[in-house]
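Take a look at the letters that make up each chain.
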Amino acid sequence: MIHRLEIATSSRAQMVDVTREVQRAVSESGVQEGFCHIYVPHTTAGIAINENADPSVAQDILAVLEKIAPRGGSYRHLEGNADSHIKASIVGSSETVLIEGGKLVLGTWQGLFLCEFDGPRRRRLLVKVVEAA
Amino acid sequence: MIHRLEIATSSRAQMVDVTREVQRAVSESGVQEGFCHIYVPHTTAGIAINENADPSVAQDILAVLEKIAPRGGSYRHLEGNADSHIKASIVGSSETVLIEGGKLVLGTWQGLFLCEFDGPRRRRLLVKVVEAA
Amino acid sequence: MIHRLEIATSSRAQMVDVTREVQRAVSESGVQEGFCHIYVPHTTAGIAINENADPSVAQDILAVLEKIAPRGGSYRHLEGNADSHIKASIVGSSETVLIEGGKLVLGTWQGLFLCEFDGPRRRRLLVKVVEAA
């Protein structure tokens, strides 16, 4: 079974903390020990793990990605979102997080972020929870 | 069981769409629900998920990676492919894709790409298909 | 069961080869066929797979990451390690490696590296070994 979540983003580039939504899918599955795979089925959005205590960390990450692939740069792909595809490729489409005692095993400062690079939009997030001793 | 695919690349830097080959391994496995892990056992090639409708997206990704780590840059590793190692590290060695009804669960525009950074060569791609309700 | 390893790093930015430690966890698990998920529960460290024969490859990777996100750059996050968070996000928090005959399936030149971006510190590495035919 795949849990399909829907996440609304509110600006063109944004990191949305989805830790709570993913934990809810894990809780619903009833799995106590195992892992969970989180997948973004989009080509201009990605998923990343980083600090969720200070929101400026996410802003710094977005700023460096913008420097690597600026929105107004010259690209071959002519739909105005070539930079979004590149940023999504660097960040990646998926993450795998371990589960122990029914909880996502994240570091003290870690959170899961949907990375929007061509918003605002409604995005889907696929979560597969797998039991494994 | 690990499926071992062989992929021939035709230029130094290239993104080769391998979605069909990976789907074939999934179909051969007979697995209906689960996930599949795709692994590149090379240090100058990687694997990425991005748009496979417009080939210019792949060219833009390669162009930005070339800007980050130019082929003729000054590096310590003296085999002429230091940039290839760096590009492979940024893109990553593996991807995990979910399986539903015997099919890879990819977004409408997503494809799986072997990223060649030191070709042309024959590359191996390892695919492990895992059943999971 | 999750294997918890502790790795000491000795400088601010460093790639520490942890292949042997991860293989030991796989051997202890007794799993012959399957895969192993390696996870870094920190926001200023990551994990990467690349060449472990010539140490200059790791130095080149660190140098390019430093160019992308320089230590003394101007960032919003004011703890002096904004660059470390960004580098960790680019490299990623986890890797999945296949297991065959009780051994990690790595390419001839591949090794697993804990990537330290805000050391020296004691870092934890979580390893989950999963059996799968």
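These notes cover the structure that comes with them. (Residues numbered from 1 in each chain as written. Chains lettered and ligands numbered in written order. Predicted model: local features only at pLDDT ≥ 70, side-chain atom pairs only at ≥ 80, totals over all residues. Heavy atoms only, no water.)

This paragraph deals with the interface of chain C and chain B. Between chain C and chain B, the contact holds 26 residues from the first and 25 residues from the second. Across the chain C/chain B interface, buried area totals approximately 2300 Å², and carbon plus sulfur atoms make up 57% of it. Across the chain C-chain B interface, the total number found is one salt bridge. As a salt-bridge pair, Glu100(C) and Arg4(B) come within 3.0 Å of each other at their nearest N and O atoms. In this assembly, chain C and chain B are joined by 17 residue pairs in polar contact (both at pLDDT 80 or more). (Contact = heavy atoms within 4.5 Å. Buried area = accessible area lost by both parts, 1.4 Å probe. Salt bridge = Lys/Arg side-chain N within 4 Å of Asp/Glu carboxyl O. Polar contact = N/O pair within 3.5 Å; in protein donor to acceptor, adjacent residues only side chain to side chain.)

Now for the relation of the copies chain C and chain B. Laying chain C over chain B is done by rotating through 120° and shifting 0.0 Å along the axis; what remains is an RMSD of 0.0 Å. Taken together, the turn and the small shift mark the pair as related by a three-fold rotation axis. Taking C-alpha positions as the reference, the residue of chain C nearest the rotation axis is Ile90(C), at 3.8 Å. Interface overlap between copies: only 12% of the residues of chain C at the interface are likewise at the interface in chain B, consistent with a contact formed by different surfaces. (Least-squares fit on C-alpha atoms with pLDDT ≥ 70 in both.)

Counting from both sides, the interface comprises 26 residues of chain B and, opposite them, 25 residues of chain A. A buried area of about 2300 Å², summed over both sides, lies between chain B and chain A, and 57% of it is on carbon and sulfur atoms. The three residues of chain B that bury the most area against chain A are Asp60(B), Leu98(B) and Gln110(B), which together make up 23% of that side's buried surface. Taken together, the links from chain B to chain A amount to one salt bridge. For the pair chain B and chain A, the number of links is 16 residue pairs in polar contact (both at pLDDT 80 or more). Looking at the side of chain B that touches chain A, the elements with two or more residues in it are strand E3 (34-39), strand E4 (45-51), helix H2 (56-68) and strand E5 (94-100) of chain B. Here the element with the most residues in the side of chain B that touches chain A is H2(B); it accounts for eight residues. Along the lines of polarity and charge, the residues of the side of chain B that touches chain A split into 13 nonpolar, seven polar and six charged. (Helix = DSSP H or I, 4+ residues; strand = E, 2+ residues; numbered from the N terminus. Nonpolar A, V, L, I, M, F, W, Y, C, P; charged D, E, K, R; others polar.)

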